[in-house]
Amino acid sequence: MKAAVIVFPGSNCDRDLAVALEMVGFEVSKIWHKDSELEKEIDLVAIPGGFSFGDYLRVGAIAANSPICKSIISHAERGGYIVGICNGFQILTETGLLPGALLRNSGLKYICKTVDLNVETANSIFTNKYNPSNVIRLPIAHHDGNYNADVSDIETMRDQDLIAFTYCDNPNGSIENIAGILSSNRRVLGMMPHPERASEKAHGNLDGVVFFKGLVESVSTA
(Lines give C-alpha, C1' and ligand atoms only; values in the text may rest on other atoms or scores of the structure.)
Protein backbone atom coordinates (compact mmCIF):
# COMPACT_ATOMS: atom_id res chain seq x y z
CA MET A 1 0.00 0.00 0.00
CA LYS A 2 1.30 3.44 -0.94
CA ALA A 3 0.75 6.62 1.05
CA ALA A 4 1.77 10.18 0.23
CA VAL A 5 2.46 12.57 3.10
CA ILE A 6 2.10 16.17 1.92
CA VAL A 7 4.67 18.64 3.25
CA PHE A 8 4.06 22.40 3.45
CA PRO A 9 6.33 25.12 4.82
CA GLY A 10 5.52 24.94 8.53
CA SER A 11 4.48 21.26 8.61
CA ASN A 12 5.88 19.75 11.80
CA CYS A 13 4.19 16.37 12.04
CA ASP A 14 5.07 15.02 8.60
CA ARG A 15 7.83 12.72 9.88
CA ASP A 16 5.69 11.48 12.79
CA LEU A 17 2.86 10.66 10.40
CA ALA A 18 5.17 8.96 7.89
CA VAL A 19 6.69 6.80 10.65
CA ALA A 20 3.26 5.76 11.95
CA LEU A 21 2.15 4.79 8.43
CA GLU A 22 5.36 2.87 7.76
CA MET A 23 5.02 0.98 11.04
CA VAL A 24 1.79 -0.64 9.84
CA GLY A 25 3.07 -1.45 6.35
CA PHE A 26 2.54 1.56 4.10
CA GLU A 27 5.22 2.53 1.61
CA VAL A 28 5.45 6.26 2.23
CA SER A 29 6.66 9.09 0.02
CA LYS A 30 6.78 12.74 1.03
CA ILE A 31 5.35 15.18 -1.50
CA TRP A 32 6.39 18.86 -1.46
CA HIS A 33 3.51 21.31 -1.74
CA LYS A 34 4.90 22.85 -4.94
CA ASP A 35 4.73 19.54 -6.78
CA SER A 36 1.76 19.47 -9.10
CA GLU A 37 1.16 15.72 -9.28
CA LEU A 38 0.85 12.84 -6.86
CA GLU A 39 2.83 9.72 -7.61
CA LYS A 40 0.99 7.01 -9.52
CA GLU A 41 -0.95 4.34 -7.65
CA ILE A 42 -1.17 6.31 -4.40
CA ASP A 43 -3.74 4.67 -2.13
CA LEU A 44 -3.81 7.22 0.68
CA VAL A 45 -3.02 10.92 0.90
CA ALA A 46 -2.11 12.06 4.41
CA ILE A 47 -1.96 15.75 5.31
CA PRO A 48 -0.08 16.30 8.57
CA GLY A 49 -0.34 18.80 11.36
CA GLY A 50 1.76 21.90 11.82
CA PHE A 51 1.44 25.55 10.89
CA SER A 52 1.36 25.64 7.11
CA PHE A 53 2.75 28.95 5.87
CA GLY A 54 2.84 30.08 9.49
CA ASP A 55 -0.98 30.26 9.55
CA TYR A 56 -0.53 33.96 8.92
CA LEU A 57 -3.83 34.15 7.06
CA ARG A 58 -6.81 31.96 7.93
CA VAL A 59 -5.40 28.60 9.01
CA GLY A 60 -4.90 26.29 6.04
CA ALA A 61 -6.10 28.89 3.53
CA ILE A 62 -2.74 29.48 1.83
CA ALA A 63 -1.91 25.77 1.81
CA ALA A 64 -5.23 25.00 0.14
CA ASN A 65 -4.06 26.99 -2.87
CA SER A 66 -0.74 25.16 -3.25
CA PRO A 67 -0.20 23.34 -6.59
CA ILE A 68 -0.43 19.87 -5.02
CA CYS A 69 -3.94 20.54 -3.71
CA LYS A 70 -5.42 20.33 -7.21
CA SER A 71 -4.13 16.77 -7.42
CA ILE A 72 -5.43 16.02 -3.93
CA ILE A 73 -8.89 17.21 -4.95
CA SER A 74 -8.69 15.06 -8.10
CA HIS A 75 -7.65 12.11 -5.93
CA ALA A 76 -10.74 12.65 -3.78
CA GLU A 77 -12.99 12.97 -6.84
CA ARG A 78 -11.69 9.58 -8.05
CA GLY A 79 -12.73 8.08 -4.72
CA GLY A 80 -9.25 8.09 -3.22
CA TYR A 81 -8.65 7.98 0.52
CA ILE A 82 -7.46 11.09 2.37
CA VAL A 83 -6.79 11.83 6.03
CA GLY A 84 -6.03 15.32 7.33
CA ILE A 85 -4.84 15.70 10.93
CA CYS A 86 -4.92 19.02 12.83
CA ASN A 87 -3.63 21.55 10.28
CA GLY A 88 -4.45 18.90 7.68
CA PHE A 89 -8.09 18.99 8.81
CA GLN A 90 -8.05 22.77 8.44
CA ILE A 91 -6.66 22.43 4.91
CA LEU A 92 -9.37 19.92 3.96
CA THR A 93 -12.09 22.38 4.97
CA GLU A 94 -10.35 25.19 3.06
CA THR A 95 -10.20 23.07 -0.11
CA GLY A 96 -13.91 22.28 0.24
CA LEU A 97 -13.30 18.55 0.59
CA LEU A 98 -14.96 18.72 4.01
CA PRO A 99 -17.67 21.12 5.18
CA GLY A 100 -17.30 23.77 7.85
CA ALA A 101 -14.30 25.64 9.20
CA LEU A 102 -11.87 25.55 12.11
CA LEU A 103 -12.01 28.72 14.19
CA ARG A 104 -9.92 30.11 17.07
CA ASN A 105 -10.30 28.07 20.26
CA SER A 106 -13.08 29.46 22.42
CA GLY A 107 -10.61 30.18 25.21
CA LEU A 108 -8.34 32.03 22.74
CA LYS A 109 -5.36 29.97 23.88
CA TYR A 110 -3.20 27.25 22.34
CA ILE A 111 -4.05 23.84 23.83
CA CYS A 112 -1.60 20.95 24.06
CA LYS A 113 -2.73 17.92 26.07
CA THR A 114 -4.17 14.42 25.81
CA VAL A 115 -7.96 14.23 25.65
CA ASP A 116 -10.66 11.57 25.80
CA LEU A 117 -12.62 10.97 22.60
CA ASN A 118 -15.83 9.14 21.84
CA VAL A 119 -15.71 6.98 18.72
CA GLU A 120 -19.01 7.88 17.06
CA THR A 121 -18.93 5.46 14.10
CA ALA A 122 -17.05 2.34 13.05
CA ASN A 123 -18.40 2.64 9.51
CA SER A 124 -15.27 3.92 7.76
CA ILE A 125 -11.82 2.62 6.88
CA PHE A 126 -10.42 5.04 9.46
CA THR A 127 -12.51 3.86 12.42
CA ASN A 128 -13.45 0.27 11.61
CA LYS A 129 -11.11 -1.21 14.25
CA TYR A 130 -12.86 0.72 17.00
CA ASN A 131 -16.33 0.16 18.40
CA PRO A 132 -18.80 3.07 18.56
CA SER A 133 -18.85 2.68 22.34
CA ASN A 134 -15.06 3.08 22.64
CA VAL A 135 -13.47 5.98 24.48
CA ILE A 136 -9.89 6.54 23.30
CA ARG A 137 -7.16 8.96 24.36
CA LEU A 138 -5.24 11.04 21.81
CA PRO A 139 -3.14 14.21 22.06
CA ILE A 140 -4.30 17.55 20.72
CA ALA A 141 -2.09 20.55 19.96
CA HIS A 142 -3.87 23.47 18.33
CA HIS A 143 -4.85 27.10 18.55
CA ASP A 144 -7.62 26.95 15.95
CA GLY A 145 -9.48 23.70 16.60
CA ASN A 146 -12.96 25.09 17.21
CA TYR A 147 -14.99 23.28 14.53
CA ASN A 148 -18.03 25.11 13.20
CA ALA A 149 -20.48 24.45 10.37
CA ASP A 150 -23.93 25.44 9.15
CA VAL A 151 -26.91 23.88 10.89
CA SER A 152 -27.81 22.06 7.67
CA ASP A 153 -24.31 20.56 7.45
CA ILE A 154 -24.48 19.38 11.05
CA GLU A 155 -27.90 17.80 10.46
CA THR A 156 -26.57 16.02 7.37
CA MET A 157 -23.56 14.71 9.30
CA ARG A 158 -25.83 13.41 12.05
CA ASP A 159 -28.29 11.82 9.61
CA GLN A 160 -25.57 10.19 7.49
CA ASP A 161 -23.37 9.07 10.41
CA LEU A 162 -20.46 11.27 9.28
CA ILE A 163 -19.26 12.40 12.70
CA ALA A 164 -16.23 10.22 13.41
CA PHE A 165 -15.03 11.45 16.81
CA THR A 166 -16.34 13.76 19.52
CA TYR A 167 -14.64 15.18 22.60
CA CYS A 168 -15.77 13.79 25.94
CA ASP A 169 -14.89 17.14 27.52
CA ASN A 170 -14.88 19.81 24.82
CA PRO A 171 -11.54 21.68 25.02
CA ASN A 172 -12.01 24.26 22.26
CA GLY A 173 -15.71 25.07 21.77
CA SER A 174 -16.33 22.86 18.74
CA ILE A 175 -19.99 22.61 17.80
CA GLU A 176 -21.55 19.31 18.90
CA ASN A 177 -18.16 18.48 20.53
CA ILE A 178 -16.89 17.44 17.09
CA ALA A 179 -13.27 16.28 16.89
CA GLY A 180 -13.37 14.57 13.49
CA ILE A 181 -15.69 14.22 10.50
CA LEU A 182 -16.04 12.14 7.33
CA SER A 183 -16.89 13.18 3.78
CA SER A 184 -20.21 12.06 2.31
CA ASN A 185 -18.53 9.09 0.60
CA ARG A 186 -16.71 8.24 3.86
CA ARG A 187 -13.30 8.26 2.13
CA VAL A 188 -12.01 11.57 3.49
CA LEU A 189 -11.44 12.10 7.22
CA GLY A 190 -10.48 15.30 8.98
CA MET A 191 -9.61 15.20 12.69
CA MET A 192 -7.94 17.56 15.15
CA PRO A 193 -6.41 14.97 17.54
CA HIS A 194 -3.10 13.30 16.62
CA PRO A 195 -3.17 9.46 16.38
CA GLU A 196 0.45 9.50 15.16
CA ARG A 197 1.46 10.83 18.57
CA ALA A 198 -0.06 7.79 20.29
CA SER A 199 1.45 5.02 18.20
CA GLU A 200 4.60 3.91 20.07
CA LYS A 201 5.24 2.69 23.62
CA ALA A 202 7.54 5.65 24.17
CA HIS A 203 4.51 7.90 23.68
CA GLY A 204 2.91 6.32 26.73
CA ASN A 205 -0.24 5.57 24.75
CA LEU A 206 -1.01 3.18 21.89
CA ASP A 207 -4.61 4.17 21.08
CA GLY A 208 -3.46 5.61 17.74
CA VAL A 209 -2.02 2.28 16.58
CA VAL A 210 -5.54 0.89 16.18
CA PHE A 211 -6.34 3.77 13.83
CA PHE A 212 -3.39 3.04 11.54
CA LYS A 213 -3.76 -0.76 11.61
CA GLY A 214 -7.40 -0.51 10.60
CA LEU A 215 -6.46 1.92 7.87
CA VAL A 216 -3.82 -0.26 6.20
CA GLU A 217 -5.93 -3.40 6.45
CA SER A 218 -8.96 -1.72 4.93
CA VAL A 219 -7.05 -0.04 2.10
CA SER A 220 -5.29 -3.30 1.22
CA THR A 221 -8.60 -5.09 0.74
CA ALA A 222 -10.56 -2.21 -0.82
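Up top is the structure.
How each quantity is defined
- Residues numbered from 1 in each chain as written.
- Predicted model: local features only at pLDDT ≥ 70, side-chain atom pairs only at ≥ 80, totals over all residues.
- Heavy atoms only, no water.
- Phe/Tyr/Trp six-rings, centres within 6.5 Å; stacked < 30°, edge-to-face > 60°.
- Helix = DSSP H or I, 4+ residues; strand = E, 2+ residues; numbered from the N terminus.
- Buried < 20%, exposed > 50% of the residue type's maximum accessible area, 1.4 Å probe, protein only.
- Salt bridge = Lys/Arg side-chain N within 4 Å of Asp/Glu carboxyl O.
- Core = buried A, V, L, I, M, F, W, Y, C linked by side-chain atoms within 4.5 Å.
- Contact = heavy atoms within 4.5 Å.
- Pairing = 2+ DSSP bridges.
- Axes fitted to C-alpha atoms, helices over the stretch in contact; angles between N-to-C directions.

Caption draft 1: How the structure looks around the packing of aromatic side chains. A complete count under the given rule lists four aromatic pairs for this structure. Relative to F165, the ring of Y130 has its centre 6.3 Å away and its plane inclined at 80°; by these criteria the two rings are edge-to-face. Residue Y130 is found in the loop between strand 6 (111-119) and strand 7 (135-142), and its partner F165 is found in strand 9 (residues 163-167); the two are separated by 35 residues along the sequence. Y130 gets classed as buried once you look at its relative accessible area, which sits at 4%. Ring geometry for F211 and F212: centres 5.1 Å apart, planes at 85°, overall edge-to-face. Judged on exposure class, the residue F211 and its partner F212 are both buried. An aromatic cluster is defined as three or more aromatic residues linked by ring pairs; in this entry it consists of F126, F211 and F212.

Caption draft 2: Highlighting the pattern of salt bridges. This model, assessed by the stated rule, comprises seven salt bridges. Here R186 ties to D161 by a salt bridge, and the two come within 3.4 Å at their closest N and O atoms. Pair noted here: R186 is in the loop between strand 10 (178-182) and strand 11 (188-191) and D161 is in the loop between helix 4 (151-159) and strand 9, with a separation of 25 residues, a long-range link. You can call D161 partly exposed: its relative accessible area is 31%.

Caption draft 3: Expanded view of the nonpolar core. Counting 68 residues, the largest nonpolar core has L21 and F26 as the members making the most contacts within it. Here the element with the most residues in this core is helix 5 (residues 207-221); it accounts for five residues. Once residues within four sequence positions are removed from consideration, F26 is found in contact with M1, K2, A3, L21, L44, L215, V216 and V219.

Caption draft 4: Structural view of the sheet that holds strand 1 (residues 2-7). Pairing within the open sheet is mixed, and its nine strands lie in the order 2-1-3-4-11-10-9-6-7. Across the chains shown, the open sheet's two edge strands, defined by having one partner strand only, are strand 2 (27-32) and strand 7. On average, each strand axis in the sheet is inclined to that of its neighbour by 20°, with strand direction left out of account. The sheet contact formed by strand 4 (residues 81-85) and strand 11 spans four bridges and is parallel.

Fair warning: the whole summary comes from geometry, so function is off the table for now.
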